[in-house]
Amino acid sequence: MGLMGLGRMAWGRTGAGLLMAAGLATAPSWAEDATPMDLSYDLSLGGLTIMSFELGVRTANDRYVLDFSGRTRGMLSLLGSGYVVSSSQGRLLPGGEPQPEVFVSHSDGNEGERRAQIRYGAQGPTSWTAEPKPGSDGEELTPIPPDSIPGTRDILAALLDFAGTLGRGESCEHLIRIFDGRRRFDLKFTDRGREIVAPEGEGFYAGPAQHCHLDLVRIGGYSTDPTKYLSGNDAEFWLAPVLPNEPPVPVEIIFKGRLGVMHARLTIARHGAEVRGAPMQKPQSAAVPAHDEPVR
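In this convention, every chain numbers its residues from 1, walking through the sequence in written order. The predicted nature of this model means local features are confined to residues of pLDDT at least 70 and side-chain atom pairs, given and counted, to a pLDDT of 80 or more, with totals for whole chains, interfaces and linings taken over all residues. Hydrogens and waters are ignored; side-chain quantities use all the structure's heavy atoms.

**Q** Looking at this structure, I do not really get the overall build of the protein. What am I missing?
**A** In terms of regular secondary structure, the protein is built from 3 helices and 14 strands. Here, two residues are considered to be in contact whenever any of their heavy atoms come within 4.5 Å of each other. Sequence separation of at least 24 residues holds for 57% of the intrachain contacts in the protein that already meet a minimum separation of 6. Here the accessible surface of atoms and residues is derived via Shrake-Rupley with a 1.4 Å probe, and residues count as covered only by protein chains that are part of the display. Working note: accessible area of the protein is about 13,800 Å², and carbon and sulfur atoms make up 54% of it. Going along the chain from the N terminus, every DSSP run of H or I of four or more residues is numbered as a helix, and every run of E of two or more is numbered as a strand.

**Q** Explanation requested: the pattern of salt bridges in the structure shown.
**A** A pair can form between side chains of opposite charge whenever their charged atoms are brought close. For this analysis, a salt bridge means a side-chain nitrogen from Lys or Arg found within 4 Å of a carboxyl oxygen belonging to Asp or Glu. Counted under the stated rule, the structure contains 10 salt bridges. A salt bridge links Arg-71 to Glu-54, with the shortest nitrogen-to-oxygen separation between them at 3.1 Å. Of this pair, Arg-71 sits in strand E3 (residues 63–72) while Glu-54 sits in strand E2 (residues 48–60), and the two are 17 residues apart along the sequence. Each residue's exposure class comes from its accessible area (1.4 Å probe, protein chains only) as a fraction of the maximum for that residue type: buried when under 20%, exposed when over 50%, partly exposed otherwise. Exposure remark for Arg-71: the relative accessible area of 35% places this residue in the partly exposed category. In this structure, Arg-115 engages Glu-113 in a salt bridge whose closest nitrogen and oxygen atoms are separated by 3.4 Å.

**Q** Would you explain the nonpolar core in this entry?
**A** Nonpolar side chains in soluble globular proteins tend to be buried together. One finds Phe-189 and Leu-266 to be the most contacted residues of the largest nonpolar core, which totals 55 residues. Beyond its immediate stretch of four places on either side in the chain, Phe-189 contacts Leu-159, Phe-162, Cys-172, Glu-173, His-174, Ile-176, Cys-212, His-213, Leu-214 and Phe-237. Here, nonpolar core refers to any group of buried Ala, Val, Leu, Ile, Met, Phe, Trp, Tyr and Cys residues whose side-chain atoms link them within 4.5 Å.

**Q** For this particular structure, what's the right way to read unusual backbone geometry?
**A** Only a minority of non-glycine residues have a phi that is not negative, and only a minority of peptide bonds are not trans. With an omega dihedral of -10°, the bond running from Glu-131 to Pro-132 counts as a cis peptide bond. Tracing the sequence through the fold places Pro-132 in the loop between strand E7 (124–131) and helix H3 (155–167).

**Q** What's the story with the pairing of strand E12 (residues 249–257) in this structure? I'm lost.
**A** If a strand is regular, its side chains alternate between the two faces of the sheet. Most of E12 is tucked away: 7 of the 9 residues are buried. Strand pairing is defined by DSSP finding a minimum of two bridges between the two strands. Pairing of E12 with strand E13 (residues 260–271), which is carried by 6 bridges, proceeds in the antiparallel orientation. Paired with Ile-253 across the strands is Ala-264, a residue of E13. With antiparallel pairing between neighbouring strands as the criterion, E12 and E13 make up a hairpin whose turn holds 2 residues.

**Q** Is there a simple way to explain the pairing of strand E4 (residues 83–92) in this structure?
**A** With 9 of its 10 residues buried, E4 lies for the most part within the structure. As paired strands, E3 and E4 are joined by 9 bridges and run antiparallel to one another. The partner of Gly-70 across the bridge, within E4, is Val-84. Relative to strand E5 (residues 98–108), E4 is paired through 10 bridges, and the arrangement is antiparallel. In the strand pairing of E5, Ser-87 is matched with Val-104. From the end of E4 to the start of E5, which pair antiparallel, there are 5 residues, and Gly-96 there has a positive phi angle of about 95°.

Structure follows, in structure tokens:
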């Protein structure tokens, strides 16, 4: 699901105990020796945190592993808890471009439990499965053109490549072709220049950032009823090099979801002994606990 999974807010069924039982492929042993980079985000609606997300990046030699997870928090958890996990693994080409070999995802929420797995060759996906089968619930979906799938990547590998592009000093201008096992879509980034970001909510970064505009282009696999879309067609990203000697990462994301305007802000960034984060926030209400661990 990656970052566009941010639009899935209204979770229904409890599944926190199944978080690590998602059937993800086992990471190769080299990943255990790689110095990890971990990013944590909080998603807020109307000033209240409703979800948290974590992204783990592991690279060593010519290999990479990306792990993404999200869970409901705060007031949204009172309506029903849910989660999403996904993982991408593959090779790093000589120029640093990630070439995925396998992508797996698992979620449980308002759409019910869902799983997907994709295996890749040099030209893109070679096989994929999705459970339950798209459209098996009777919902009419837009068709996915078969010739649109070759050359696509999973969203985690694609965003890793995008971050590397920005790290080389290139602009936001980028087109990412994604197939997640259920939906085929493009992410079109355009450059909006550099701006100064001020910390808000639980975010901590203050300073210059690259402003990128994102347009979501739905190709196929979506409901034929646009009122069922869980997010809008565009978003705003601000990216900055938060950790030393690392490429820029999103420090703030704004987009329109079904429930209103959503703000995702970077709350913790770790790479080995390097840690960046905001001081612990006070609870938003008696029903919303603060972070589980203090931020140094």
